[in-house]
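# Descriptive analysis of the structure
Chain by chain, the residues:
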Protein chains: 2
Amino acid sequence: LKELFKDRPETRDLQQGYSTLLVIPKHCEKRLEGVLADTLAHPGSLTRAKLAYKVLHKNFETRDAALPMSIAIEYFHTASLLLDDLPCMDDAYTRRGQTCPHRIYGEAACILGALAFINRAYALVWQAMAGLPQTRSKPAAALLEHCLGAAGVINGQSMDVHFREGQKDEESVAAIARGKTVTLIRLTLVVPALMVGASAQEVALLDKLSLHWGSAYQLLDDFKDVLGDVTSAKTSGRDFELQRPNMVLCVGLNTSWQRLDTHFSKCEAVLTSLAELPRDWSFLTALQQHLLDERTRLQSLSQAA
Amino acid sequence: LKELFKDRPETRDLQQGYSTLLVIPKHCEKRLEGVLADTLAHPGSLTRAKLAYKVLHKNFETRDAALPMSIAIEYFHTASLLLDDLPCMDDAYTRRGQTCPHRIYGEAACILGALAFINRAYALVWQAMAGLPQTRSKPAAALLEHCLGAAGVINGQSMDVHFREGQKDEESVAAIARGKTVTLIRLTLVVPALMVGASAQEVALLDKLSLHWGSAYQLLDDFKDVLGDVTSAKTSGRDFELQRPNMVLCVGLNTSWQRLDTHFSKCEAVLTSLAELPRDWSFLTALQQHLLDERTRLQSLSQAA
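Residues numbered from 1 in each chain as written. Chains lettered and ligands numbered in written order. Predicted model: local features only at pLDDT ≥ 70, side-chain atom pairs only at ≥ 80, totals over all residues. Heavy atoms only, no water.

### Considerations on the overall build of chain A
The helix and strand inventory of chain A stands at 14 helices and two strands. Taking 305 residues into account, the globule formula puts the C-alpha radius of gyration at 19 Å, and chain A, at 19 Å, falls close to it. Dimensions along the principal axes, computed over C-alpha positions, put chain A at roughly 55 × 50 × 35 Å. Counting every position in chain A, which comprises 305 residues, the buried fraction comes to 58%. The contacts of chain A with a sequence gap of at least 6 include a subset with a gap of at least 24, amounting to 73%. For chain A, the exposed surface amounts to about 12900 Å²; the carbon and sulfur share of it is 52%. (Helix = DSSP H or I, 4+ residues; strand = E, 2+ residues; numbered from the N terminus. Rg over C-alpha atoms; globule rule 2.2 N^0.38 Å. Buried < 20%, exposed > 50% of the residue type's maximum accessible area, 1.4 Å probe, protein only. Contact = heavy atoms within 4.5 Å. Areas by Shrake-Rupley, 256 points an atom, 1.4 Å probe, with all protein chains shown as cover.)

Here it is as structure tokens:
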């Protein structure tokens, strides 16, 4: 997603923000310190932070809120990765090319490290929202709570982890994608949009975009697993082996390509509608293009197989 | 601590608040639902909520904040218990007379349940602080973040869990009590005090009280483990077996009784100073009395042994 952030100063701000907005305390217990230091040293693509930043910093009134809020969203995501990789969840070996922290520092340190990111993230959200009028901060905070709470990503993750035990039909797989992937895109796009005072129409369009981008993003991820994409950040072929939710395994390759195209065309329609509004949402097209490029790449991989 | 809350309507408000301020969403994944429902059904003594409520509701301006804030503090505590009991931390079997949720619903559901309580707690804090002037909400939110963050209870818990690997001297054991027990009492007393606009003198006295109460409380807990107190909510005799931090095991019974009395006399001095101030802090003496009664009970247990 390098195209999304050609203006490098912003990227540097976000990279620096990621590694400095959580301060490892003096006298930190060694294993906890290890988890925090290793995690802060590998920020990943910062896609979520970049998107939120784009929404926020264009708006004069929320410029001060842009950095802390964007990093907060990224810290929530970081915490979710630390926890998702634990033995009782995805039992992962590597993340971002590094050995997962729980395999070096232990599970307890990893859970506590995740909590440190979550605590800091809520404080940064608090800081970012403090200067806003309540007409903006109230709905933004309510949506943030919904996305991160028992009705949002927590339930999505619980359905994901316990997939083997429940219904394994298409609707269940789609519900998990909505609960996890879609919810985190809503957090990234719609919460910042509410903070900048987006109109009801803009919010509705961004909600729709989150649904179809999230679903498309998850489908691409499922294709990567099935097609054995070596560029994937995760070990592939694990979904079948571990009976994880995977739409491609559920409905087959052909239907999945069709579903993917349906999601992309709905996103296209939303982007067209957004382009007609006064506020500039054009930066969103870069993400659409990135996802379309991924589709093309995975289709060649599929045909080569 | 029944004496602390003789006025039953408040207790009922808090019990009801505890079981209703986190709503289990429709379509909740079954294991997550189990963790949340079982935990909400066993609120425990609600000591932290009661103390915070006493500080807050006496103040007219923070009356609306009293219930959500008190329950938020209790939810943070609940989350910490859910996580502390996990196999990678204390590996507990029972809590509040019930089988630990992770032994019924699994570790993943338990971690996610803890996150649900944490997310809801931050939202309730937000709600409670929203109506306060920034001169109060800012320092209160900053202390809350400090108590719950990497420099506070998270580091305390990490030192606790990894105690076996580090220094096992008296200072390390005391540092763990400061990091965990003292920090959570500060959260319970000092954060609400800042919310009601307590003076610098009051805050300093409550900080000191938190230090000595927290240390005394932890010592009493350590005595319970060593003396094999059957009334304890936890399995006793585990600290020696598992090489857990325990001041009584570290400095012996006699020195521990002396330390305990030193803490109690410092608390007494603070309570005397607080009694001279215009604001009514007299409800705090009930907790002091409760702890003194515990000391008497444990001393007889010690002499009988």
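### Quick look at helix 14 (residues 284–304) of chain B
All names here are of chain B. For helix 14, built from 21 residues, the straight-helix expectation of 30 Å at 1.5 Å per residue is met to within 8% by its first-to-last C-alpha distance of 31 Å. Burial in helix 14 covers these residues: Leu 284, Ala 286, Leu 287, Gln 288, Leu 291, Leu 292, Glu 294, Arg 295, Leu 298 and Ser 302. Summarising the contacts, the buried residues of helix 14 are in contact with helix 3 (47–57), helix 9 (170–195), helix 10 (200–227) and helix 13 (253–275). (Expected span 1.5 Å × (residues − 1).)

### A few points about the interface of chain A and chain B
Contacts between the two partners involve 44 residues from chain A, matched on the other side by 44 residues from chain B. Counting the surface lost from both chain A and chain B, the interface buries some 3700 Å², and carbon and sulfur atoms represent 70% of this. Counting across the chain A and chain B interface gives four salt bridges. A:Glu145 is the partner of B:Arg120 in a salt bridge, and the nearest nitrogen-oxygen pair spans 2.9 Å. When contributions to the side of chain A that touches chain B are tallied by element, the ones reaching two or more residues are helix 2 (30–41), helix 6 (107–130), helix 7 (134–148) and helix 8 (153–161) of chain A. Here the element with the most residues in the side of chain A that touches chain B is helix 6 of chain A; it accounts for 16 residues. Of the residues contributing to the side of chain A that touches chain B, the split by class is 29 nonpolar, nine polar and six charged. (Buried area = accessible area lost by both parts, 1.4 Å probe. Salt bridge = Lys/Arg side-chain N within 4 Å of Asp/Glu carboxyl O. Nonpolar A, V, L, I, M, F, W, Y, C, P; charged D, E, K, R; others polar.)

### What to know about the side chain of B:Gln288
Residue and element names in this part refer to chain B. Mapped onto the secondary structure, Gln 288 falls in helix 14. The exposure class of Gln 288 is buried, given its relative accessible area of 2%. Among the polar contacts listed, one links the side chain of Gln 288 to the side chain of Glu 268, at a separation of 2.9 Å. Contact partners of Gln 288, with chain neighbours within four places excluded, come to Trp 213, Phe 264, Cys 267, Glu 268 and Leu 271. (Polar contact = N/O pair within 3.5 Å; in protein donor to acceptor, adjacent residues only side chain to side chain.)

### Here's the deal with helix 7 of chain A
For helix 7 of chain A, spanning 15 residues, the distance from its first C-alpha to its last is 20 Å, which sits close to the expected 21 Å at 1.5 Å a residue. Turning to helix 7 of chain A, its buried residues are A:Arg136, A:Ser137, A:Ala140, A:Ala141, A:Leu143, A:Leu144, A:Cys147 and A:Leu148. Buried residues in helix 7 of chain A, looked at end-on, bunch into an arc of 165°, giving them a common side. Summarising the geometry of helix 7 of chain A, the exposed residues directed more than 90 degrees from the buried face are A:Thr135 and A:Lys138. Packed against the buried residues of helix 7 of chain A are helix 4 (63–84), helix 6, helix 8 and helix 9 (170–195) of chain A together with helix 6 (107–130) of chain B. (Arc of directions from axis to C-beta.)

### Some points on the relation of the copies chain A and chain B
For the match of chain A to chain B, the screw axis carries a shift of 0.0 Å, the RMSD comes to 0.0 Å, and the turn is 180°. The two molecules are tied by a two-fold rotation axis, judged by turn and shift. Using C-alpha coordinates, one finds that chain A approaches the rotation axis most closely at A:Tyr122, a distance of 3.6 Å. A high fraction, 100%, of the interface residues of chain A reappear at the interface in chain B, so the copies pair face to face through one surface. (Least-squares fit on C-alpha atoms with pLDDT ≥ 70 in both.)

### Some words on the packing of helix 4 (residues 63–84) of chain B against helix 6 of chain B
All names here are of chain B. Look at helix 4 against helix 6: their axes get within 8 Å of each other, and the N-to-C directions meet at 160°. Comparing the axis directions of helix 4 and helix 6 gives the class roughly antiparallel. Once helix 4 is placed against helix 6, the crossing between them reads as left-handed. (Axes fitted to C-alpha atoms, helices over the stretch in contact; angles between N-to-C directions. Parallel < 35°, antiparallel > 145°, perpendicular 65-115°, else oblique. Left-handed = near helix turned anticlockwise from the far one by under 90°.)

### Digging into unusual backbone geometry
All names here are of chain B. Its identity is not glycine, yet Asp 91 carries a phi of approximately 50°, on the positive side. Inspection of the secondary structure assignment puts Asp 91 in the loop between helix 4 and strand 1 (94–95). One non-glycine residue, Gln 243, lies in the positive phi region at around 55°. Judged by its relative accessible area of 42%, Gln 243 falls in the partly exposed class.

### Digging into a nonpolar patch on the surface
Among the surface-exposed residues, A:Val226, A:Phe240, A:Leu249 and A:Leu253 lie close enough to one another that they form a single nonpolar patch of about 360 Å² accessible area. In this structure, A:Leu253 sits in helix 13 (residues 253–275). (Patch = residues over 30% accessible without salt bridge, like charges linked within 9 Å, V, L, I, M, F, W, Y side chains within 5 Å.)

### As for the pattern of salt bridges
Applying the stated criterion to the full structure yields 36 salt bridges over all chains. The closest approach of N and O atoms between A:Arg136 and A:Glu61, which form a salt bridge, is 3.6 Å. Here the residue A:Arg136 occupies a position in helix 7, and A:Glu61 occupies one in the loop between helix 3 (47–57) and helix 4, the gap between them amounting to 75 residues. Judged by its relative accessible area of 16%, A:Arg136 is buried. Between B:Glu294 and B:Lys224 there is a salt bridge, with its nearest N and O atoms 3.2 Å apart.

### Let's talk about the packing of aromatic side chains
Following the criterion strictly, the structure yields twelve aromatic pairs over all chains and no others. Ring geometry for A:Trp126 against B:Trp126: centres 5.1 Å apart, planes inclined by 85°, an arrangement best described as edge-to-face. One end of the pair, A:Trp126, is in helix 6; the other, B:Trp126, is in helix 6, on a second chain. Ring centres of B:Phe76 and B:Tyr122 lie 4.9 Å apart, and the angle between their planes is 80°; this geometry places the pair in the edge-to-face category. In this pair, B:Phe76 sits in helix 4 while B:Tyr122 sits in helix 6, placing the two residues 46 residues apart along the sequence. Take B:Tyr122: its relative accessible area is 10%, and that puts it in the buried class. Here A:Arg103 stacks its cationic end above the ring of A:Tyr93, 3.8 Å away from the centre of that ring. (Phe/Tyr/Trp six-rings, centres within 6.5 Å; stacked < 30°, edge-to-face > 60°. Lys NZ or Arg CZ within 6 Å of the ring centre and 35° of its normal.)

### Side note on the nonpolar core
Grouped together as the largest cluster of nonpolar side chains are 200 residues, with contacts concentrated most on A:Leu284 and B:Leu284. Not counting residues within four places of it along the chain, the set of residues in contact with B:Leu284 comprises B:Leu51, B:Leu189, B:Leu206, B:Leu209, B:Trp213, B:Leu271 and B:Leu274. (Core = buried A, V, L, I, M, F, W, Y, C linked by side-chain atoms within 4.5 Å.)

### A look at the state of the cysteines
Under the definition given, this model contains zero disulfides over all chains. For the unlinked cysteine B:Cys28, the closest cysteine sulfur is that of B:Cys110, found at 13 Å. (Disulfide = S-S within 2.5 Å.)

### As for the packing of helix 6 of chain A against helix 7 of chain A
Residue and element names in this part refer to chain A. At a minimum axis separation of 11 Å, helix 6 and helix 7 run at an interaxial angle of 160°. Between helix 6 and helix 7, the interaxial angle falls into the category roughly antiparallel. Crossing hand, helix 6 versus helix 7: right-handed. The residues of helix 7 that touch helix 6, namely those facing Tyr 122, Val 125 and Met 129, are Ser 137, Ala 140, Ala 141, Leu 144 and Leu 148.

### Regarding the side chain of A:Asp90
Residue and element names in this part refer to chain A. Of note, Asp 90 is situated in the loop between helix 4 and strand 1 (94–95). Residue Asp 90 is classed as buried on the basis of its relative accessible area of 19%. If we ignore the near neighbours within four places in the chain, the residues touching Asp 90 are Asp 84, Arg 238 and Arg 244.

None of the figures reported here should be taken as evidence of function without further support.
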